[in-house]
Amino acid sequence: MSDIEFNSALITGGAGFIGSHLADKLVNEGIETKVLDNFATGRKDNLLGCMDKQNFSLFDLDLGKLGNQEDYLENVEVVFHMAADPEVRTGYDNPKSSFEQNIVNTFNLLQRIKHSKVKKIVFASSSSVYGDAKILPTNEEYGPLCPISHYGASKLACEAIVSSFCYNYDIDGIILRPANVIGSRGRHGLIWDLVHKLKNDKNRLEVLGDGKQTKSFIHISDMIKGILQSMKKGEDGVEIFNVGSEDGVEIINVAKIVCKNMKLPNIEIFTTGGIENGRGWKGDIKIAHLDISKLKNLGWQPKLSSLEAADVTSQEIIAEVI
Ligand SMILES: NC(=O)c1ccc[n+]([C@@H]2O[C@H](COP(=O)([O-])OP(=O)(O)OC[C@H]3O[C@@H](n4cnc5c(N)ncnc54)[C@H](O)[C@@H]3O)[C@@H](O)[C@H]2O)c1
């Protein structure tokens with residue numbers, strides 16, 4: 001039996017990777033579910049399981065161009081704000097996108113929410129707000145927060161804006177700081193890049209950086225459970241939760257898993273060496289490891305380790321695109 005304690009929700013960015021998995025879950029649980037998306041990176045295909053359901057509706061809207069029409073907020077109890085430009089790497093050349101798509105659009109959305117009947121907002125921030133954290137594993141109390149990517153900076157700014165709107169307009173707030181979320185429908189990030197490189201060149205695989213960047217990966221199935229579990233926090237104002245797996249994995253080992261699943265076990269894997277002691281690019285966090293005990297204390301536990309998540313995901317992505 002479902003233990004979801006709300007009846008209606010809006011998911012911004014609900015046609016994207018994380019948002020569409022969340023939409024599947026909510027629709028199947030009988031929640032009145034609305035998705036708002038401009039299909040910048042999202043795809044209607046991701047919502048095939050929802051489209052014909054009576055408790056689902058889709059709003060093809062851009063958060064940057066919201067007009068007076070506000071049906072998407074009508075009778076909505078909870079807003080899951082997932083829409084964003086999720087690219088970390090491209091932010092170096094295009095910081096404006098992180099600023100406009102993430103900060104300005106979050107503000108635009110909150111301006112609409114403030115006079116609505118929405119009771120709760122769940123915001124997809126990112127563990128990139130920690131930058132090069134000096135304490136590992138890093139918990140939610142860590143500071144000062146000094147992001148090293150424009151993306152991370154934009155998410156930190158959004159956290160602040162969500163916090164002030166929640167306080168001023170009596171909205172309950174949950175801020176999630178996920179690690180690298182991976183799984184079917186994912187269309188950016190390491191595994192997606194590696195599969196595409198292997199599709200184009202079956203002899204050599206380039207890995208950005210020195211390959212020793214250590215990251216935490218969380219499978220989408222654990223992520224969706226984590227999102228819903230975070231809502232058990234009680235009603236004590238805005239709370240922040242890390243969402244990741246217990247461990248980390250060197251990305252060279254992720255590359256090896258992807259090669260194995262592509263049936264290319266003997267391929268030559270080479271690293272670019274990267275910059276600044278092996279980062280893949282400016283703004284790439286070399287070692288990230290989240291302390292996830294706060295969310296675990298609410299009763300959540302990720303099932304897959306980072307490496308297991310990478311194994312499952314590479315099989316899923318290969319099945320989707322090869
Ligand atoms: N995937 C990860 O590893 C990860 C990790 C930490 C945080 N996040 C955050 O989680 C959220 C979802 O990420 P994702 O990986 O599913 O990315 P995604 O690109 O698959 O999904 C983002 C969705 O937002 C939509 N969108 C973008 N701009 C919009 C706008 N102006 N108006 C309406 N819709 C818009 C896109 O079309 C897309 O459907 C993002 O906020 C991202 O920053 C993701």
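Further up the page is the structure itself.
All of the points below concern the structure found in this document. What you are looking at is a predicted structure, and each value in this text was computed from that prediction instead of being measured. (Residues numbered from 1 in each chain as written. Predicted model: local features only at pLDDT ≥ 70, side-chain atom pairs only at ≥ 80, totals over all residues. Heavy atoms only, no water.)

## Section: the site of the ligand
Cut-off, in case you're wondering: Distances are taken per atom, and a residue is near a molecule or strand as soon as one of its heavy atoms is within 4 Å of it. Polar contact is the term for a pair of N or O atoms within 3.5 Å; when the atoms are in protein, one must be able to donate a hydrogen and the other to accept it, and sequence-neighboring residues count only if both atoms are side-chain atoms. Note on areas: Shrake-Rupley with a 1.4 Å probe; residue coverage comes only from the protein chains shown. In this text, helices come from DSSP runs of H or I with a minimum length of four residues, and strands from runs of E with a minimum of two, each type numbered from the N-terminal end. Classification convention: Asp, Glu, Lys, Arg as charged; Ala, Val, Leu, Ile, Met, Phe, Trp, Tyr, Cys, Pro as nonpolar; all other residues, Gly among them, as polar.
As a structural note, the neighbourhood of the ligand is formed by 30 residues, with D37, T41, Y151, V181 and H188 the closest of them. G42 places a polar main-chain atom, nitrogen or oxygen, 2.9 Å from an oxygen atom of the ligand. One of the backbone N or O atoms of L63 is found 2.9 Å from a nitrogen atom in the ligand. Bound to the protein, the ligand loses 96% of the 820 Å² it would expose on its own. Looking at the shell around the ligand, the elements that each hand over two or more residues are α1 (17-28), β2 (32-37), α2 (95-113), α3 (150-168) and β7 (180-182). Looking at the shell around the ligand, its residues break down into 17 nonpolar, 10 polar and three charged.

## Let's talk about the sheet that holds strand β3 (residues 56-60)
Two strands in a sheet stick together by hydrogen bonds in their backbones, pointing the same way (parallel) or opposite ways (antiparallel). Note the cut-off: Paired strands, as defined in this entry, are two strands with at least two bridges between them according to DSSP. Every axis in this analysis is a line fitted to C-alpha atoms, fitted for helices over the stretch in contact. Angles between the N-to-C directions lie between 0 and 180 degrees. By definition, residues are in contact when any of their heavy atoms lie within 4.5 Å.
Read across the open sheet, the seven strands follow the order β3-β2-β1-β4-β5-β6-β11; overall the sheet is parallel. With one partner strand each, in any of the chains shown, β3 and β11 (239-243) form the two edges of the open sheet. Averaged over all pairs of adjacent strands, the angle between strand axes in this sheet comes to 15°, irrespective of strand direction. Both strand β5 (residues 120-124) and strand β6 (residues 172-178) contribute to a ladder of five bridges, which runs parallel. Counterpart to K120 in the pairing with β6 is D172. Lying on the sheet, α1 is in contact with β1 (8-12), β2, β3 and β4 (78-81); it crosses β1 at an angle near 165°. Sitting on the sheet, α2 touches β1, β4 and β5, and the angle it makes with β4 is about 175°.

## Observations concerning the packing of aromatic side chains
Going by this rule: In summary, the pairing rule links any two rings of Phe, Tyr or Trp, Trp by its six-membered ring, whose centres are within 6.5 Å, and it sorts them by plane angle into stacked for under 30 degrees, edge-to-face for over 60 and tilted for everything else. Exposure classes here rest on a 1.4 Å probe applied to the protein chains alone. A residue is buried below 20% of its type maximum, exposed above 50%, and partly exposed in between. Comment: the charge-over-ring label is applied if NZ (Lys) or CZ (Arg) is within 6 Å of the ring centre and within 35 degrees of the ring normal.
Applying the stated criterion across every chain yields a total of five aromatic pairs. With centroids separated by 5.9 Å and ring planes inclined at 55°, the aromatic side chains of F6 and F80 adopt a geometry described as tilted. One end of the pair, F6, is in the segment before β1; the other, F80, is in strand β4, and 74 residues separate them in sequence. The exposure class of F80 is buried, given its relative accessible area of 0%. For the ring pair F165 and Y169, a centre distance of 5.5 Å and an interplane angle of 45° mean the geometry is tilted. Members of the aromatic cluster, connected to one another through ring pairs, are F107, F165 and Y169. Taking NZ or CZ as reference, R89 lies 5.2 Å from the ring centre of W281, over its face.

These values are about where atoms sit, not about what they do.
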